[in-house]
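Structure at a glance
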Amino acid sequence: MNAVADRPRRLESYIAGTWMRGAKDGVTLCDAATGAPVALVDSGGIDFAAALAYGREKGGPALRRMSFHERAMMLKALAQSLMERKEEFYALSTATGATRADSWIDIEGGIGTLFSYASKGRRELPNSRVLLDGGVETLSRDNTFSAQHILTPFQGIAVHINAFNFPSWGMLEKLAPTLLAGMPAIVKPASQTAYLAELVVRRILDTGLLPEGALQLVCGSSRDLLDHVGDQDVVTFTGSATTGRKLKTHPAIVGNSVRFTMEADSLNAAVLGLDAAPGTEEFDLFVREVAREMTSKAGQKCTAIRRVIAPRAHCDALVAVLGERLAKVPLGDPADENVRMGPLASLGQREEVRARIRDLTTDAEIVAGDPARPQLVSGDAEAGAFLNPVLLYCDRPGAARSVHDVEAFGPVSTIMPYDTAEEAVELVRRGRGSLVTSVFTADPDIAQELVIGMAPFHGRVMIGNRLSAKSSTGHGSPLPGLVHGGPGRAGGGEELGGMRGVRHYMQRTAVQGAPGLVSAVTGRWMEGAPARAGGEHPFRKSLAELRVGDQIVTATRTVRLEDIEHFAEFTGDTFYAHMDEETARANPFFDGRVAHGYLVVSLAAGLFVDPAPGPVLANYGVDGLRFLAPVYPGDTLRVRLTCKEISPRMNADYGEVRWDCRVSNQTGATVAQYDVLTMVAKTGSGEE
Ligand code: NDP
């Protein structure tokens, strides 16, 4: 036997454009199920100051040169490429103790997050490099001084320190918003499962899709990494509360006011509503959800249900049904198709969970499962970190401490009884801040009382009942579009949440000045900024010719009573204020019959539209429509339409144009205001 060939592989870090091994063999990482060595990990020899500088100086500028849409397209291409390689990831993931279903969350869930950010980025962000935040703040009566908040990416590097439980998802869910925002990253996966993160990073870099310096990887300990973080850097952490607190108060983080996002342990709960007695669909759904959350990823999920809060009268039934269900979960080798739950990540982690179960038994009794003697359908109970699900019951949770305080990071939950909804909320709050709690009820009043009572203590609350059962994504799944994070004990951080997650990597700045100059910065026209009226109709211009500020001031149109009557009859909208002088006058807002708002909008279109075929392809909506003053028969309307924002679409021969539309009457008062949204061809005036 060749001893050298059989040695586990030494993981490599990707630093400053080079794959490098640690200085020593380092720590041996073992297969969670067999105990066989999988890899060696060591970060010795890495110059962390140089690594951070490389990201800031090489990756950052390259990413910032790209528009949001270019970065979104990069994420999409990356996701497509990783999806093609997924089986390679699945094969290695088994060593972490993950079953195929567990790995799906980690691998395809992570890639799915890239896809989701790619698509949201193109739909919700402009094809530019500056993101606007909120509307224009008018600071002078004559529109010579205004302000707009903008967001621009930090010019530092994002340092992502990740947990062992989701080496792929945990990395990709942070990378997606970071890269979309335009920041480079250095990822430090937890050592225990770093081999999978290393493989995914290799495949990411193999694609050549990311600019050099946009992504670096540290395999092994962080050492002095954080000593070098600076004022433009961002640090995110996922892991234990103890480490998190230590990092949050690191002198470089405190001294440089580094933005720090922490996602620590969390005693998430599930509450069974007072209405959900045994025999109801909600009771059955609750049992299924708790069992799934306890066993998925062997309970090593930051969102797993640790506290099961149920009406006292239903607790006996719950213990019986849940206990029976958990006892049937086949535990064993994660590669075995019959297995539904694999081992914990390491033997050390199993000892840790057993110790935490002992802590919990100061307040609760074990009612199902034996932590000491694993019952397996396959695998070796001693070599692998196997642990059957353990259910506890705490009869007096109001007086107990450990059940609200101790996180056993494995297939462990404690049932606790309550009598009133108020008491249930109080028990949930004793977790002192969680990532997620779910409430199972079919009663709207119960849902309202429970959810409003507990919302300030959570980043997410899921309501489960029979109507959503089929479509529900479940208690434990963080979704790209929804906030993931929680206050207090959960770390006080917030990840994902769609574009909210992207904003963590950007600085918000209020830009004040003459509107023309503020518009030049933002790329969006605002009131008071220069406009060019009187030339060719802007609808005759392709994106290549159109400029922000191009404007048309239309001819006028007088609204006649016959117009109002015709519109009413034609559309069927015969609301009294349009039809009857006397009752219209009695309305506090009108001095007589008024034109329909939609008639005003239609007449406005009649005034500003240029009818011949041309570069304007379609009108796809209006934003922010407001009717600001009534229009009476005899009033004369005029429209001012200004090109507000141009967003060329990538890989298409058209783009979106937003037009500022103001409809005024004969006195100059604005009667309606809105943004008209159109699709416009990139080239060609349409006259050929
Ligand atoms: P740790 O807090 O020990 O580690 C989390 C990450 O921080 C790892 O990447 C780790 O690296 C790194 N780290 C540890 N110490 C330092 C340091 N001084 N400076 C910089 N980085 C550091 O958590 P574990 O992963 O070991 O898990 C322990 C417990 O945390 C679990 O039992 C569970 O209770 C909780 N946990 C919570 C999760 C959640 O999402 N809420 C997820 C995972 C765990 P390295 O691995 O190299 O030490």
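These lines cover the structure that appears in this document, whether it is placed above or below. What you are looking at is a predicted structure, and each value in this text was computed from that prediction instead of being measured.

A separate point is the overall build of the chain. Secondary structure summary: the chain contains 21 helices and 28 strands in total. Considering only C-alpha atoms, the chain reaches an extent of 90 × 60 × 45 Å along its principal axes. The buried share among the 688 residues of the chain stands at 56%. When the accessible area of the chain is evaluated, it comes to approximately 28400 Å², of which 52% is carbon and sulfur surface. Both charge centroids of the chain, one from 72 positive and one from 82 negative side chains, sit 4 Å from each other.

Looking now at the sheet that holds strand β7 (residues 146-153). Taken in spatial order, the three strands line up as β6-β7-β22 in an open sheet, and their pairing is antiparallel. For this open sheet the edge positions go to β6 (131-138) and β22 (506-513), each flanked by a neighbour on one side alone. Ignoring strand direction, the axes of neighbouring strands in this sheet form an average angle of 20 degrees. Relative to β7, helix α17 (residues 515-522) is tilted by about 20 degrees, and along the sheet it contacts β6, β7 and β22.

This part covers the nonpolar core. Judged by nonpolar contacts, the single largest core of 58 residues is most densely connected at L175 and I204. Non-local contacts of I204, meaning those with residues more than four positions away in its chain, are made with L78, L82, L172, L175, L210 and L215. If you look at the next biggest cluster of nonpolar residues, it comprises 36 residues, including L360, A385, V412 and M416.

Inspection of the region around the ligand gives 24 residues, with N162, S191, S240, C302 and E407 positioned closest. E263 has a polar side-chain atom sitting 3.2 Å from an oxygen atom of the ligand. Here an oxygen atom of the ligand sits 2.7 Å away from a polar atom, N or O, in the side chain of E407. About the coverage of the ligand: the protein hides 79% of its 870 Å² of free accessible area. Its residues placed into classes, the shell around the ligand shows 10 nonpolar, nine polar and five charged.

Now for unusual backbone geometry. Unlike most non-glycine residues, A16 shows phi in positive territory, near 45 degrees. In this structure, A16 sits in the loop between β2 (12-15) and β3 (18-21). What makes A16 partly exposed here is its relative accessible area of 32%. Positive phi, normally seen in glycine, also occurs at S257, with a value near 45 degrees. Mapped onto the elements, S257 comes out in the loop between α9 (251-255) and β12 (259-263). On the accessibility criterion, S257 (61% relative accessible area) is exposed.

With that out of the way, let us pick up a negative patch on the surface. Negative charge collects at one region of the surface, where E422, E426, D445 and E449 lie side by side. Counting residues per element, the ones that place at least two in the negative patch are α14 (421-429) and α15 (444-454). Relative to the elements of secondary structure, E422 occurs in helix α14.

Time to look at the pattern of salt bridges. The final tally for this structure, using the stated rule, is 48 salt bridges. In this structure, E281 engages R466 in a salt bridge whose closest nitrogen and oxygen atoms are separated by 4.0 Å. On the criterion of sequence distance, the pair formed by E281 in helix α10 (residues 281-295) and R466 in the loop between β19 (458-464) and β20 (483-484) is long-range, its members being 185 residues apart. Exposure remark for E281: the relative accessible area of 45% places this residue in the partly exposed category. Note that D563 is salt-bridged to R560, the shortest N-O span being 2.9 Å. Relative accessible area serves as the criterion here: at 8%, D563 is assigned to the buried category. Its relative accessible area of 43% is what places R560 among the partly exposed residues. Three or more residues are tied together by salt bridges with common partners; here these are R524, E527, D623, R640, K644, E645, R658, D660, R662 and D675.

Next up on the list: the packing of α10 against helix α11 (residues 315-327). Here α10 crosses α11 at 45 degrees, and the two axes come no closer than 10 Å. By the angle between their directions, the pair α10 and α11 is classed as oblique. Handedness of the α10/α11 crossing: right-handed. Along its contact with α10, which presents F283, F286, V287, R288, V290, A291, M294 and T295, the element α11 presents A317, L318, V321, L322, R325 and L326. Its residues assigned to classes, the contact of α10 with α11 shows 11 nonpolar, one polar and two charged.

Right, let's talk about the packing of α14 against α15 for a bit. In a packed pair of helices, the relevant descriptors are the angle between the two axes and the axis-to-axis distance. In the contact formed by α14 and α15, the axes pass within 9 Å of each other and the chain directions differ by 30 degrees. As the angle between them shows, α14 and α15 are arranged roughly parallel. Relative to α15, α14 is oriented so that their crossing is right-handed. In this structure, α14 uses A421, E422, A424, V425, V428 and R429 to contact α15, whose residues at the interface are E449, L450, G453 and M454. Split into classes, the residues belonging to the contact of α14 with α15 amount to six nonpolar, one polar and three charged.

So, about the pairing of β7. For β7, a buried count of six out of eight residues is recorded, marking the element as mostly surrounded by other parts of the structure. Pairing analysis gives five bridges linking β6 to β7, with the strands arranged antiparallel. Looking at β7, one finds that L131 is bridged to L151. Of the strand pairs in this sheet, β7 and β22 are connected by eight bridges, and their pairing is antiparallel. Bridge pairing in β22 links S146 to G513.

Here we come to the sheet that holds strand β23 (residues 532-533). With respect to topology, six strands assemble into an open sheet ordered β23-β24-β26-β27-β28-β25, the strand pairing being mixed. On the outer flanks of this sheet lie β23 and β25 (616-627), each paired with one strand and no other. The sheet contact formed by β23 and strand β24 (residues 550-558) spans two bridges and is parallel. Across the sheet, residue A533 finds its bridge partner in β24, namely Q551. Docked against the sheet, helix α21 (residues 597-608) engages β24, β25, β26 (636-648), β27 (654-664) and β28 (670-681), running at close to 70 degrees with respect to β26.

Take the environment of L92 next. Here L92 shows up in helix α4 (residues 86-93). Take L92: its relative accessible area is 24%, and that puts it in the partly exposed class. Taking the C-alpha atoms as reference, L92 lies 9.8 Å from D31; in sequence the two are 61 residues apart.

So, about the packing of aromatic side chains. Under the criterion given, the structure shown has eight aromatic pairs. Ring geometry for Y14 against W19: centres 5.1 Å apart, planes inclined by 55 degrees, an arrangement best described as tilted. Residue classification places Y14 among the buried residues on the basis of a relative accessible area of 8%. Here W19 falls in the partly exposed class, since its relative accessible area comes to 24%. With 5.5 Å between their ring centres and 75 degrees between their planes, F286 and F440 make a pair best called edge-to-face. Linking F286 in helix α10 with F440 in strand β18 (residues 434-440), this pair joins segments that are 154 residues apart in sequence. Taking relative accessible area as the criterion, F286 reaches 0% and is therefore assigned buried.

Thresholds, definitions, all that
- Residues numbered from 1 in each chain as written.
- Predicted model: local features only at pLDDT ≥ 70, side-chain atom pairs only at ≥ 80, totals over all residues.
- Heavy atoms only, no water.
- Helix = DSSP H or I, 4+ residues; strand = E, 2+ residues; numbered from the N terminus.
- Buried < 20%, exposed > 50% of the residue type's maximum accessible area, 1.4 Å probe, protein only.
- Areas by Shrake-Rupley, 256 points an atom, 1.4 Å probe, with all protein chains shown as cover.
- Lys, Arg positive; Asp, Glu negative; His and termini not counted.
- Charge placed at Lys NZ, Arg CZ, Asp CG, Glu CD.
- Pairing = 2+ DSSP bridges.
- Axes fitted to C-alpha atoms, helices over the stretch in contact; angles between N-to-C directions.
- Contact = heavy atoms within 4.5 Å.
- Core = buried A, V, L, I, M, F, W, Y, C linked by side-chain atoms within 4.5 Å.
- Near = heavy atom within 4 Å.
- Polar contact = N/O pair within 3.5 Å; in protein donor to acceptor, adjacent residues only side chain to side chain.
- Nonpolar A, V, L, I, M, F, W, Y, C, P; charged D, E, K, R; others polar.
- Patch = residues over 30% accessible without salt bridge, like charges linked within 9 Å, V, L, I, M, F, W, Y side chains within 5 Å.
- Salt bridge = Lys/Arg side-chain N within 4 Å of Asp/Glu carboxyl O.
- Parallel < 35°, antiparallel > 145°, perpendicular 65-115°, else oblique.
- Left-handed = near helix turned anticlockwise from the far one by under 90°.
- Phe/Tyr/Trp six-rings, centres within 6.5 Å; stacked < 30°, edge-to-face > 60°.

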